[in-house]
Amino acid sequence: MTTETYRDAWGIPHLRASSARELARAQGRVTALDRAWQLEVERHRSQGTSAAFLGAAALPWDVFARRARLDDTARRCFATLEKQDPETADWVRAYVAGVNEGLPEGAARAPEFTRTGLVPTPWQPWTPLGIWLGTHILFAGFPAKLWREEAIRHLGREAVALFATDGPGTAGSNGWLISGARTDTGHPLLAGDPHRFIEDPGVYQQIRLACPEFDVIGLAVPGVPGIAHFGHTGTVAWSITNAMADYQDLYREHLRRTGAGVEALGPDGTWHRTLRHTETVEIAGEPPIEIELIETARGPVIAGGPEGLEAGVVGGGSGGFEAGVVAHGSDGLEVRVTAGGSERLVAGVVADGSGGLELNDGAAALLLTDEEGLKAAGSEPLARVRVAGGGSGGFEAGGGDGRSEELERGVVAGGSERLVAGVVADGSGGLELNDGAAALLLTDEEGLKATGSEPLARVRVAGGGSERLEAGVAGGRLERPGAGAAGEGLERPRAGASDVGPEKPEAGIADVTPQAGALIGAGPAHDPQVADGEGAPQGPPAVDDESRTGGSEIGAEGEAEAGRIPTALALRYPPRVTEDLGFSTLLPLLRARRVEDIDRAFDTWSEPVNVVQAADTEGGTLHRVAGRVPRRPQANRLRLVPAWHPGHAWHGWHDTPYAGLTDGIAVMANQRGPAAPLGVEFAPPHRADRIHALLQERRTWSADGLPAIHTDTFLASAGPLLDHLAALDDLTPEAARLRESLLSWNRHMDADSTEAAAYAAVRTAVVRHLAAHPAFAALTEPPAYPEVLLPWLALTPRIGYALEHLLRAEELYGIDRAAAVRAAVEEVAAAPPAGTWADTHRLAPWKALPGEPYDEPGLAGDHDCVLCTSAVPGLTDLAARGPAARYVWDLARREDSRWVVPFGAHGVPGTPHHRDQLPLWLKGELAPVVTDWTLLTLEHTEHTELTEETRD
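Residues numbered from 1 in each chain as written. Predicted model: local features only at pLDDT ≥ 70, side-chain atom pairs only at ≥ 80, totals over all residues. Heavy atoms only, no water.

So, the packing of helix 1 (residues 20-47) against helix 7 (residues 127-136)
Right, on to step 1. Where helix 1 contacts helix 7, the axes come no closer than 8 Å and their chain directions differ by 80 degrees. The angle between helix 1 and helix 7 falls in the class roughly perpendicular. The segment helix 1 lies against helix 7, with Leu39, Glu42, Arg43 and Ser46 engaging Thr127, Gly130, Ile131 and Thr135.
Right, on to step 2. The residue inventory of the contact of helix 1 with helix 7, partitioned by class, reads two nonpolar, four polar and two charged. (Axes fitted to C-alpha atoms, helices over the stretch in contact; angles between N-to-C directions. Helix = DSSP H or I, 4+ residues; strand = E, 2+ residues; numbered from the N terminus. Parallel < 35°, antiparallel > 145°, perpendicular 65-115°, else oblique. Contact = heavy atoms within 4.5 Å. Nonpolar A, V, L, I, M, F, W, Y, C, P; charged D, E, K, R; others polar.)

The following block contains the structure:
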């Protein structure tokens, strides 16, 4: 068996091998040589182990990846692939073998391994599936359902349409297909650019794969064999855009602990055993944490737990501690927080030493004290600890929301308001409630026990107005130290409880920083159809609110009404259900000769759900949706749905729609199109309309003319703000001059435009004025969701990307928008931008391990331009999202095709091909696709005998 590695002038690998299997091995090897650091980062992210070398900033993603069961899903999908498609499974194994061959040498080239101390370890056969899943798990934007819950709760149902956007974690694209009837050669053209977060190294790898069966050029995803999204076989080419379909569901779950584990309330009204175990997450430079993983019949629990949503929060600004965090303060206290995954301690405080008190194995308890505190015999009182959360089994903490600041000393139980003192271990193996205290305390079979004593089976409250309590405070949130009396004397846990920095943008964006380029990118969509016949979306249940939780419908085994049972969120996504990631599509794509082959190949596609465009040398064209979208009630697509109510199950899969060409053209830019029946929110039509208009400017096109469309900067969404400006009068002279300048502006976001810079400044000021209005105040405090999900609930970006809707709406919650625009233009006129749009609109790529700061170039374009370089209006002009590649596929002569990526083919900083394509990318130019082997440089040749060892 022979494999050969060639390079072109841009360092792009061209691989040739004796078989498809050996070619996969060569692809894995060359990718490991060029992108070892990137591969290992993505592998660890899919496993939820990246914080072990990237530090606490990566912790929120790791917790999400584990709770969503990404690695386990990849394992299951690969096992199914082996049974149903052994050829593809073997092909994936060959790719993994190549990665393992190249990783040691590739890691030796990459300085990041030395900086972090990371040692590459062998990949498993399912690792490419895990990388694919981890890269795309947020593409459908399921956290947008959390935003709808909050917006409807505080603003009403009409807010769904007003604030519709395509979400910070989703990815868009431009793509257009021109039939042979509209080209100079009589053969079709395909062109476009996927819009994703710009990463260094890039998310796409230019590559050529050739063997006796096929010869394909395209853009591969590093870590995944073959070419999934954009490819050209010589006789047929294909490309994709995000269909914006909705194919993932969030269920509100009611969970409870039992002596045997955790149960979930099902739609049949009974409690069912869940799958539960704990895992340890390592954090570089920090103590490890334990997390609890729970899976119901709907899917993995990604937020909350039996103690409610506030248990299990990682950072996120909620003031809560990471569930399961173990932290040691200066006083020797060890704090384990509710529901986070401690195997023994679920809630409470452990005092180090022989007199310590321990809450063990399922005691969802307590502990509120007065000045006497909770103390062990002979010890000093422990600091007062306040537990916040809804409560379970008739036990309620503080006010109705479980977080009342008016909670004075103890837990309100059974309607009593005179619960005060704490718990004292009397040294004899028992516990006494002192000073008439109706303190707490709930237990399970193991009970609450003092060190060395027998467990208490039940604790009866004294003087609290309740005869007997079998369950105590749930929720498990320890309030942030320094917040009144709660938590005094406790240090905030160092591991997992601090406000962390931004993680990888596809995972959710936190604090916006130029260094990390972690910016929220989203785009406004046109009004989705929100009527579902099931009432308005609801949020997490509030105490005693039967209308939100089903009320007495629960009625299971003597449990309290639903409003008193805490909530968790379970995620249901197709590969977890079907154990299929669609990898059986990949080999048929490489072997395709005509559009019919592409069509059949995408019949087995799973996720993400895409719009596929394809054309062949015989004049055939294809425009279809590919992927799995479940059939289920409309309510599932719009919002969180209650797992304990019947009627929210999945029932098979939607047929994927097809579409045709109009006047020889098909354009997709994430707008409503063939996928409209499958989605809720889409991108506005601005990019699609502009591309279509530009294509109509001439009757026939050549490959040479299409790059100009990639870089068009017209901003159609500027209209509503400029209309408001036009209506203003009585401005100061400076503001009037600014107004006239903007009204005469050509609406192009060109890099050298001072008018574009002024428009962006006014837009930002308007967004900030609107975001500060009291009408939106309730949306400024993020709910207690994990940090990974919070970007979808950030108010300012939501207003920024929905600005045209908000300005055009007939009425906006009583807000005087004219006054907001007036104030904004006066502010900018008083301190106008000093330069051009490119001076502030600069590239801000994400890197897993930020190095020395460097000044990235300025950019043209904006979010709603065809040149989609996304700023975040109201927050920053920096652009973290944009064209992750550009391509033109020519079906007349493949060698007339062209492509470019933002940086280069190589992932190692400082090498010649690390950033050599950046000047082309900035100018909108493309590099030629080289297909003549004699014009390439042979880099490596390998001859191997096919043995069992080489097969594995």
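Next, the rest of the story.
Here we look at the sheet that holds strand 36 (residues 937-943)
Right, on to step 1. With respect to topology, nine strands assemble into an open sheet ordered 28-27-8-7-6-5-2-1-36, the strand pairing being mixed. Bordering the open sheet on either side are strand 28 (621-626) and strand 36, each of which pairs with just one other strand. With strand direction ignored, the average angle separating the axes of adjacent strands in the sheet is 15 degrees.
Right, on to step 2. Sheet analysis places strand 1 (residues 2-7) next to strand 36, joined by six bridges and oriented antiparallel. Paired with Glu4 across the bridge in strand 36 is Thr941. (Pairing = 2+ DSSP bridges.)

Focus: the pattern of salt bridges
Right, on to step 1. Going through the model one piece at a time under the given rule, you end up with 49 salt bridges.
Right, on to step 2. The partner of Arg276 in a salt bridge is Glu292, and the shortest N-O contact between them spans 2.4 Å. In this pair, Arg276 sits in strand 12 (residues 275-283) while Glu292 sits in strand 13 (residues 286-295), placing the two residues 16 residues apart along the sequence.
Right, on to step 3. Judged by its relative accessible area of 27%, Arg276 falls in the partly exposed class.
Right, on to step 4. Between Arg915 and Glu856 there is a salt bridge whose closest N-O contact spans 2.8 Å. Of this pair, Arg915 sits in the loop between strand 34 (898-900) and helix 24 (918-923) while Glu856 is found in the loop between helix 23 (837-840) and strand 31 (870-872), placing the two residues 59 residues apart along the sequence.
Right, on to step 5. Linked through salt bridges whose partners overlap, the residues forming this network are Arg66, Arg69, Asp72, Arg76, Glu279, Glu295 and Arg576. (Salt bridge = Lys/Arg side-chain N within 4 Å of Asp/Glu carboxyl O. Buried < 20%, exposed > 50% of the residue type's maximum accessible area, 1.4 Å probe, protein only.)

Description of the nonpolar core
Right, on to step 1. Formed by 150 residues in total, the largest nonpolar core has its most connected members in Trp37, Ile598, Leu695 and Leu706.
Right, on to step 2. Per-element tally for this core: the top contributor is helix 1, with 10 residues.
Right, on to step 3. Each residue touching Leu695, except ones within four places of it in the same chain, is listed here: Trp176, Ile178, Arg182, Ile665, Val667, Trp701, Leu706 and Ile709.
Right, on to step 4. With 49 residues, the next largest nonpolar core counts Leu731, Leu795, Leu803 and Val821 among its residues. (Core = buried A, V, L, I, M, F, W, Y, C linked by side-chain atoms within 4.5 Å.)

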